[in-house]
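# Per-entry structural report
Below, each chain spelled out in residue letters.
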Amino acid sequence: MTDDGKRPDTKLVHGGRRKEWLGGMVNVPVSRTSTILFDDVESLEASYPPRDGALSYGRNGTPTQWSLAEALNQLEPGAAGTRLFPSGSAAVAFALSSVLEPGDELLMVDSVYGPTRMFCEQVLRPHDIGTRYYDPLRGPAEIEALLTPATQAIFMESPGSLTFEIQDVPGICALARERGLVTLLDNTWATPLLFQALSHGVDLSILACTKYVSGHADVMMGSVTATAAHWDKLSRTAQLFGQYVSPDDAFLAARGLRTMGVRLRRHEANALQVARWLAEQPGVAGILHPAFDSCPGHQFWQRDFAGSSGLFSFILKDADRAAAVRLVESLELFGIGFSWGGFESLALPVEPKRTTSTPPAGPIVRLHIGLEDPDDLIADLARGLAMVWSG
Ligand SMILES: Cc1ncc(COP(=O)(O)O)c(C=O)c1O
């Protein structure tokens, strides 16, 4: 399918389903191979270096992986290409490594996903790539004041992990472009359906496809989508590093992608219903959800986003962490687990870490609202909160 202005829901259904890859079926089949066989030595030699859409070597993929990458790419207007990675964290780590060199400095949002911070501290720093953190509420002018001659890239995650601040991504990207810096965004919460990263100025958009793309809590995968200026280097380096995803996982992720639009709308509606109910409970001190006007950066969410997804946090009033743990452990319909974005609801007591400012005072509980009936989820939370407050 060409990207000729079709709407996102249509792209989800038709993206990457090239006739020559389908062989008459609805889904691109799972092609497992390490070896590609050629008719003669000349055609084998002509297959290297690998070209997009041409078989050369198993590690460079088959239509199973190419189809998924193409479908993801079509969701981001302005994208030159999308590479798949074995997890969201691998995609983050790889994207950062592809734009930074020893002696460079990275500006990293302070509300970033914990393992991304650990990558900066434990992998980049020993390689002489320093990371300085900035508060998620800092706008372009304040970020400009942090730049040094060594600054090479700005990493954003909007909303922030655990606390959900929304950043002025277009403003930060405009500054970066003016100063010749690369911008990277972890867009996992919104996906390109709710926030089109490249149209808002981002150079490299990263997804943990483990979450909403796959959508069924059964696949680990990541992707990086790049503008033309960054695509060749990203793609070539990923190939040289042997980055690869299995055809079985690519098939499952593509199957998830086809329904991501309807799932996200249900996650959004369910999460808003639960969050609005929680906001009225006397035992709740606050809601950390980008669609609430109390959420820092809410005005940027209103301006830039097409909706919200199923992940948010709330703060318990006059309680300690032990109460948050008791609440989470008392819930029947919410699993206790890290990886969100599946069809199921999850609850987790969380403790955000910051170096530039004080995060919202806790105890904070993060919820992923799944596809269950929201009235049942509310009844479960009501029981849990009553139990916590009755001691
Ligand atoms: C915002 C965000 N980015 C990246 C990741 C990492 O993805 P993965 O679990 O696929 O490595 C996660 C996982 O929770 C996440 O929440």
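Heads up: the structure comes first, above all this text.
Source: prediction; values computed, not measured. Going along each chain's sequence as written, the residues are numbered from 1 onward. Local features in this predicted model are restricted to residues of pLDDT 70 or higher, and side-chain atom pairs are both shown and tallied only at a pLDDT of 80 or more, whereas totals for entire chains, interfaces and linings draw on every residue. In computing side-chain properties, one takes all heavy atoms of the structure into account and sets aside hydrogens as well as water.

### Some thoughts on the overall build of the protein
Worth spelling out the cut-off: In this description a helix means any DSSP run of H or I spanning at least four residues, a strand means any run of E spanning at least two, and both kinds are numbered starting from the N terminus. All radius of gyration figures rest on C-alpha atoms, and the globule criterion is 2.2 Å times the number of residues raised to 0.38. Think of it in three bands: with a 1.4 Å probe and only protein chains considered, a residue is buried below 20% of the maximum accessible area for its type, exposed above 50%, and partly exposed in between.
A count of helices and strands for the protein gives 15 helices and 11 strands. Computed over C-alpha atoms, the radius of gyration of the protein comes to 22 Å, within 12% of the 21 Å expected from 2.2 N^0.38 for 391 residues, which places it in the range of a compact globule. Each principal axis of the C-alpha atoms in the protein carries an extent, and together these give about 75 × 50 × 40 Å. Per-residue burial for the protein yields a buried fraction of 57% across its 391 residues.

### Points about the sheet that holds strand β5 (residues 182-186)
Through backbone hydrogen bonds, the strands of a sheet pair up, either in parallel or in antiparallel fashion. To keep things clear, this is the line we draw: Strand pairing follows a simple DSSP-based rule, namely that at least 2 bridges must link the two strands. Working convention: axes come from line fits to C-alpha atoms, limited for helices to the stretch in contact. Angles between N-to-C directions cover 0 to 180 degrees.
With mixed pairing, the 7 strands of this open sheet are ordered in space as β1-β7-β6-β5-β4-β2-β3. Every interior strand has two partners, whereas the edge strands, β1 (81-85) and β3 (130-134), have only one. On average, each strand axis in the sheet is inclined to that of its neighbour by 20°, with strand direction left out of account. Looking at chain direction, β1 and strand β7 (residues 222-226) are connected through 5 bridges and run antiparallel.

### What about the site of the ligand?
What counts is decided by this rule: We call a residue near a molecule or strand when any one of its heavy atoms sits within 4 Å of it. Per-residue accessibility takes into account occlusion by the displayed protein chains alone, with areas from the Shrake-Rupley method and a 1.4 Å probe. Gly counts as polar in this scheme, as do all residues outside two lists: the nonpolar Ala, Val, Leu, Ile, Met, Phe, Trp, Tyr, Cys and Pro, and the charged Asp, Glu, Lys and Arg.
Near the ligand lie 13 residues; those nearest to it are Gly88, Ser89, Asp186, Thr210 and Lys211. Coverage of the ligand by the protein amounts to 92% of the 390 Å² it exposes when considered alone. A breakdown of the residues in the shell around the ligand according to their chemical character gives 4 nonpolar, 6 polar and 3 charged.

### What about the packing of aromatic side chains?
Rules: Under the pairing criterion, centres of Phe, Tyr and Trp rings, with the six-membered ring standing for Trp, must be within 6.5 Å; the plane angle then separates stacked pairs below 30 degrees from edge-to-face pairs above 60, leaving the rest tilted. Charge-over-ring contacts are defined here by two conditions on Lys NZ or Arg CZ: a distance within 6 Å of the ring centre and an angle within 35 degrees of the ring normal.
With the rule as written, the count across this model stands at 6 aromatic pairs. Among the aromatic residues, those joined into a ring-pair cluster are Phe85, Phe94 and Phe241. Here Arg117 stacks its cationic end above the ring of Tyr133, 4.4 Å away from the centre of that ring.

### Some thoughts on the sheet that holds strand β10 (residues 346-350)
Let me state the cut-off plainly: What makes two residues a contact is simply this: any of their non-hydrogen atoms within 4.5 Å.
Judged by pairing direction, the sheet is antiparallel, and its 4 strands sit side by side in the order β8-β9-β11-β10 without closing on themselves. Looking at strand neighbours, the two that pair on one side only are β8 (284-288) and β10, the edges of this open sheet. Strand-to-strand twist in this sheet, taken as the mean axis angle between neighbours without regard to direction, amounts to 25°. One ladder, built from 5 bridges, connects β10 with strand β11 (residues 364-368); its direction is antiparallel. Looking across to β11, one finds that Leu348 is bridged to Arg366. Along the sheet face, helix α14 (residues 321-330) touches β9 (311-316), β10 and β11 and points at about 170° away from the line of β10.

### Some details on the side chain of Ser47
By secondary structure assignment, the location of Ser47 is in the loop between α3 (41-46) and α4 (63-74). In this structure Ser47 touches Phe38, Leu55 and Ser56, once residues within four positions along its chain are discounted.

### Things to note about the pairing of β3
In terms of strand pairing, strand β2 (residues 105-109) meets β3 through 5 bridges, oriented parallel. The partner of Val109 across the bridge, within β3, is Tyr134.

### Some words on unusual backbone geometry
Going from Tyr48 to Pro49, the amide bond is cis rather than trans, its omega being -5°. Here Pro49 is to be found in the loop between α3 and α4. Residue Pro159 follows Ser158 across a cis peptide bond; omega there is 5°. Of note, Pro159 is situated in the loop between β4 (151-157) and α8 (169-178). In this structure, Ala217 is a non-glycine residue whose phi angle is positive, near 55°.

### A closer look at the packing of α4 against helix α11 (residues 247-258)
Between two packed helices, what matters for the description is the angle formed by their axes and the separation of those axes. As a reminder of what qualifies: For any helix crossing, the convention is left-handed if the near helix is rotated counterclockwise from the far helix by under a right angle, and right-handed if that rotation is clockwise.
Two elements in contact, α4 and α11, have axes separated by 8 Å at closest approach and are oriented at 35°. Helix-helix and strand crossings are classified by hand; for α4 and α11 the assignment is left-handed. The residues of α11 that touch α4, namely those facing Thr64, Gln65, Ser67, Leu68, Ala71 and Leu72, are Pro247, Ala250, Phe251, Ala253, Ala254, Leu257 and Arg258.

### Observations regarding the pattern of salt bridges
As a reminder of what qualifies: One speaks of a salt bridge when a side-chain nitrogen belonging to Lys or Arg is within 4 Å of a carboxyl oxygen belonging to Asp or Glu.
Taken as a whole and judged by the stated rule, the model has 14 salt bridges. For Arg132, the salt bridge goes to Glu105, with nearest N and O atoms at 3.2 Å. Separated by 27 residues along the polypeptide, Arg132 in strand β3 and Glu105 in strand β2 bring together distant segments of the chain. On the accessibility criterion, Glu105 (14% relative accessible area) is buried.

### Focus: the environment of Thr116
Along the polypeptide, Thr116 turns up in helix α6 (residues 114-124). Here Thr116 falls in the buried class, since its relative accessible area comes to 4%. Between the C-alpha atom of Thr116 and that of Ser89, which follows or precedes it by 27 residues, the distance is 7.1 Å. Apart from the residues within four sequence positions on either side, Thr116 is in contact with Val92, Met108 and Phe155.

### Considerations on the environment of Gly222
One can find Gly222 in strand β7. Exposure remark for Gly222: the relative accessible area of 0% places this residue in the buried category. Note: C-alpha distance between Gly222 and Arg83 (139 residues apart in sequence) is 8.5 Å. In this view, Gly222 contacts Arg83, Leu84, Phe85, Pro86, Ser87, Gly88, Ala91, Leu207, Ala208 and Cys209; residues no more than four positions away in its chain are not counted.

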